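Observations on the model geometry
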Amino acid sequence: MAAKRKKKAKRKATKRKGAKRKATKRKATKRKATKRKATKRKGAKKKKATKRKATKRKAKKKKATKRKAAKPKVTKKKKAAKKKPAKKKAKKKSKRKPNPAFMRPLQPDALLAAVVGSKPLPRTEVTKQLWHYIRKNGLQDSVNRRMINADANLKAIFNGKSQVSMFEMTKLVSRHMA
């Protein structure tokens, strides 16, 4: 009989534990539900707040544009009277000056004079005149544009070479200037 009583007592205890568990589950679900509602409320409040901020920003922009349009033009005298703190002025970039050695006129020899002319010219002008001659006579290679095909006048300047690169050309031409 004592065994039966113990079994009954265990059953009652388990029923109580089950009831407690159910009660705690109910409370937990209620808590979750209230948390969900609270977060929804917070989200709604945040949305409203961001909408308000956005409308305030728009209003500020409109006011600023109106102020700019309504500002009277300030004369130079008034500007001088205000005197804001002096800002460092950016230095104006001067144009790049060529090296005077390139600009010094040099006398071309007889072979080069046949192409460029007999007047003394700076190196830069000699190069320009050479390119003008090359393009006029179609001496630039059609496949490799960097190469120049020499005709009778240029062959004498290029030391007998029939084809020269444009970089080598200036080197060879400089030998014919004094």
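Everything in this summary refers to the structure shown in the same document. Going along each chain's sequence as written, the residues are numbered from 1 onward. With the structure being a predicted model, the display of local features is reserved for residues of pLDDT at least 70 and the display and counting of side-chain atom pairs for 80 or more, all residues being used for whole-chain, interface and lining totals. To obtain the side-chain values, all non-hydrogen atoms of the structure were included, while hydrogens and water were left out.

1. A look at the pattern of salt bridges
Put simply, a salt bridge is a Lys or Arg side-chain nitrogen that is within 4 Å of an Asp or Glu carboxyl oxygen. Within this structure, the stated rule accounts for two salt bridges. Salt-bridge contacts for lysine 128 lead to glutamate 125; the nearest nitrogen and oxygen are separated by 3.7 Å. Here lysine 128 and its partner glutamate 125 are both found in helix α5 (residues 123–137), three residues apart, which amounts to about one turn of the helix. Burial classification: accessible surface area is computed with a 1.4 Å probe over protein chains only, and a residue below 20% of its type maximum counts as buried, one above 50% as exposed, and the rest as partly exposed. In this structure lysine 128 comes out as exposed when scored by relative accessible area, which is 54%. The partly exposed category is assigned to glutamate 125, whose relative accessible area is 28%. A salt bridge links glutamate 168 to lysine 161, with the nearest nitrogen and oxygen atoms 2.5 Å apart. Note on glutamate 168: relative accessible area 25%, which makes it partly exposed. Each helix is a run of DSSP H or I of at least 4 residues and each strand a run of E of at least 2, with the numbering of both proceeding from the N terminus.

2. Side note on the side chain of glutamine 140
Mapped onto the elements, glutamine 140 comes out in the loop between α5 and β1 (147–149). A residue is classified by how much of its surface remains accessible, and glutamine 140, at 18% relative accessible area, is buried. Here, two residues are considered to be in contact whenever any of their heavy atoms come within 4.5 Å of each other. The residues contacting glutamine 140, other than those within four sequence positions of it, are Trp131, Ile134, Arg145, Met147, Asn149 and Met166.

3. A few points about helix α7 (residues 166–174)
For α7, every residue scored as buried is listed here: Met169, Leu172 and Val173. Around the axis of α7, the buried residues are gathered within 100 degrees of arc, so they sit on the same side. Relative to its buried face, α7 has exposed residues pointing more than 90 degrees away, namely Phe167 and Lys171. Buried-residue contacts for α7 involve α4 (110–116), α5, β1, α6 (152–157) and β2 (163–165). As used here, the arc is the angular range of directions from the helix axis to the C-beta atoms.

4. Focus on the packing of α5 against α7
Only the stretch in contact is used when fitting a helix axis, every axis being a line fitted to C-alpha atoms; angles between N-to-C directions are given from 0 to 180 degrees. Contact geometry of α5 with α7 gives a least axis separation of 11 Å together with a crossing angle of 125 degrees. Viewed along their axes, α5 and α7 adopt a mutual orientation that is oblique. When the axes of α5 and α7 are compared, the crossing they make is right-handed. Contact residues: Arg123, Val126, Thr127, Leu130, Trp131 and Ile134 in α5; Met166, Met169, Thr170, Val173 and Ser174 in α7. In terms of residue class, the contact of α5 with α7 is made up of seven nonpolar, three polar and one charged. Angles are sorted into four bins: roughly parallel if under 35 degrees, roughly antiparallel if over 145, roughly perpendicular if 65 to 115, and oblique for all others. Working rule for handedness: look at the near helix, and if it is turned counterclockwise from the far one by less than a right angle, call the crossing left-handed; if clockwise, right-handed. Residues are grouped as follows: Ala, Val, Leu, Ile, Met, Phe, Trp, Tyr, Cys and Pro are nonpolar; Asp, Glu, Lys and Arg are charged; all remaining types, including Gly, are polar.

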